[in-house]
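Listed below are the residues making up each chain.
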Amino acid sequence: MERKSFQDMSCPVALALERVGEWWSILILRDATHGITRFDGFQKSLGISPNSLTRRLGALVEAGLLERRPYSERPPRYEYVLTDAGHAFRPVLIALYAFGIDHFTPAAPNVRLVDKESGIDVDPLLIDRTTGHPIDEEHTTFLPGPSADERLRAVLARRNEQAC
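Now for a look at the structure at hand. The numbering scheme is per chain: residues are counted from 1 as the chain's sequence reads. Where local features are concerned, this predicted model is filtered to residues with pLDDT of at least 70; where side-chain atom pairs are given and counted, the filter is 80 or more; whole-chain, interface and lining totals use all residues. The side-chain quantities take in all heavy atoms of the structure and omit both hydrogens and water.

Some details on the overall build of the chain
Phase 1 of the analysis: What counts as a helix is a DSSP run of H or I of at least four residues, what counts as a strand is a run of E of at least two, and both are numbered from the N terminus. The helix and strand tally for the chain stands at 7 helices and 2 strands.
Phase 2 of the analysis: Reading the secondary structure of the chain in the N-to-C direction produces α-α-α-α-β-β-α-α-α.
Phase 3 of the analysis: For 164 residues, the compact-globule estimate of 2.2 N^0.38 gives 15 Å, and the chain exceeds it by more than 25% at 19 Å.
Phase 4 of the analysis: Taken along its principal axes, the extent of the C-alpha atoms in the chain is 65 × 50 × 30 Å.
Phase 5 of the analysis: Pairs at least 24 residues apart make up 30% of the contacts formed inside the chain by residues separated by at least 6 positions.
Phase 6 of the analysis: For this count, His and the chain ends are skipped, Lys and Arg are scored as positive, and Asp and Glu as negative. All charge positions are set by atom: Lys at NZ, Arg at CZ, Asp at CG, Glu at CD. Taking the average place of the 20 positive charges on the side chains of the chain and the average place of its 23 negative ones, the gap between the two points comes to 7 Å. Our radius of gyration is a C-alpha quantity, and the globule rule it is checked against amounts to 2.2 Å times the number of residues to the power 0.38. The contact criterion used throughout is that any non-hydrogen atoms of two residues lie within 4.5 Å.

This is how it looks when you write it as structure tokens:
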């Protein structure tokens, strides 16, 4: 059976993973969120080879998550700045941070997520903008979308029947 390409898929998760689903890319976006913009800064932070970093930065620029901007003409040098889509990835990073803290807690975390006013550690919670309800199994479920095939419709129907 031939595997569908991500381009042919109508799944938002698959389409997002096509652009950021490789762990180096997510770490580059993490570092860009922390304010790193220059090639040498990413390389120092990540310990990634120059060729791999060049490839991944190029892919993130092509995906529209980073913008490549010149900061020096002689010699030509560029920085990589988050686009609106790159900034919109921040909640995904926070969700990964919360998941890591909750399930794979490091002995001494190298970063904390805190409230700007109080300085108290934040316990992230994903909520629905309209209802204010948490995005959890009690309040939400997945339903088939307009392009769902019969297999997906059956999977979701079984899942939703078991949840009742």
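After that view of the structure, there is still more to cover.
Let's talk about the packing of aromatic side chains
Phase 1 of the analysis: What counts as a ring pair is set by centres within 6.5 Å for rings of Phe, Tyr and Trp (its six-membered ring), and what kind of pair is set by the plane angle: stacked under 30 degrees, edge-to-face over 60, tilted for all other angles. The final tally for this structure, using the stated rule, is 2 aromatic pairs.
Phase 2 of the analysis: The interplanar angle of 65° and the centroid separation of 5.5 Å between the aromatic rings of Phe99 and Phe104 together place this pair among those described as edge-to-face.
Phase 3 of the analysis: Judged by relative accessible area, Phe99 falls into the partly exposed class, the value being 44%.
Phase 4 of the analysis: Throughout this description, buried means an accessible area under 20% of the type-specific maximum (1.4 Å probe, protein chains only), exposed means over 50%, and partly exposed covers the range between. Judged by its relative accessible area of 58%, Phe104 is exposed.
Phase 5 of the analysis: Looking at Arg38, its charged tip hangs above the ring of Tyr71, at a distance of 3.5 Å from the centre. When the NZ atom of lysine or the CZ atom of arginine is within 6 Å of a ring's centre and also within 35 degrees of its normal, the charge is said to sit over that ring.

Quick look at the pattern of salt bridges
Phase 1 of the analysis: By definition here, a salt bridge exists when the distance from a side-chain nitrogen of Lys or Arg to a carboxyl oxygen of Asp or Glu is within 4 Å. Per the counting criterion, the structure on display carries 5 salt bridges.
Phase 2 of the analysis: For Arg112, the salt bridge is made with Asp121, and the minimal N-O distance between the two is 2.8 Å.
Phase 3 of the analysis: Judged by relative accessible area, which is 54%, Arg112 ranks as exposed.
Phase 4 of the analysis: Measuring nitrogen to oxygen at the nearest pair gives 2.8 Å for the salt bridge that ties Glu137 to Arg159. One end of the pair, Glu137, is in the loop between α6 (90-103) and α7 (150-163); the other, Arg159, is in helix α7, with 22 residues separating them in the sequence.

Here we look at the packing of helix α2 (residues 23-33) against helix α3 (residues 39-46)
Phase 1 of the analysis: One can describe the packing of α2 onto α3 by two numbers: an axis separation of 10 Å at closest approach and a directional angle of 115°. Handedness of the α2/α3 crossing: right-handed. On α3, the residues that touch Trp24, Leu27, Ile28, Arg30, Asp31 and Ala32 of α2 are Phe42, Ser45 and Leu46.
Phase 2 of the analysis: We call Asp, Glu, Lys and Arg charged. Ala, Val, Leu, Ile, Met, Phe, Trp, Tyr, Cys and Pro are nonpolar, and the rest, Gly among them, are polar. Residues belonging to the contact of α2 with α3 are distributed by class as follows: 6 nonpolar, 1 polar and 2 charged. Axis definition: a line fit to C-alpha positions, over the contact stretch in the case of helices; interaxial angles, taken between N-to-C directions, run 0 to 180 degrees. We call a crossing left-handed when the near helix sits turned anticlockwise from the far one by less than a right angle, and right-handed when that turn is clockwise.

Considering the layout of surface pockets
Phase 1 of the analysis: The rule is simple: put a 1 Å grid over the protein atoms alone, call a set of points where a 1.4 Å probe fits but cannot get out a cavity, call an open set with protein on both sides within 12 Å along at least five of seven lines a pocket, and count a residue as lining if it has an atom within 4 Å of a point. Grid points are joined across faces, edges and corners, and a volume is the space filled by probe spheres set on the points. Looking at the second largest pocket, its volume works out to about 740 Å³.
Phase 2 of the analysis: Forming the walls of the second largest pocket are 24 residues, and the residues nearest its centre are Arg30, His34, Leu93, Tyr97 and Val111.
Phase 3 of the analysis: Elements with a minimum of two residues in the lining of the second largest pocket: α2 and α6.
Phase 4 of the analysis: Split by residue class, the lining of the second largest pocket holds 15 nonpolar, 5 polar and 4 charged.

What about the nonpolar core?
Phase 1 of the analysis: The biggest cluster of nonpolar side chains holds 19 residues, and the ones touching the most others in it are Val20, Ile28, Leu29, Phe42, Leu57, Leu60 and Leu66.
Phase 2 of the analysis: Among the secondary structure elements, those contributing two or more residues to this core are α2, α3, α4 (50-62) and β2 (77-82).
Phase 3 of the analysis: Per-element accounting of this core gives the leading share, 6 residues, to α2.
Phase 4 of the analysis: If near-sequence neighbours (up to four positions away) are discounted, Leu66 is found in contact with Ile28, Leu29, Ala32, Leu57, Leu60, Val61, Tyr80, Val81, Leu82 and Thr83. Only buried Ala, Val, Leu, Ile, Met, Phe, Trp, Tyr and Cys residues count toward a nonpolar core, and they belong to the same one when joined by side-chain atoms within 4.5 Å.

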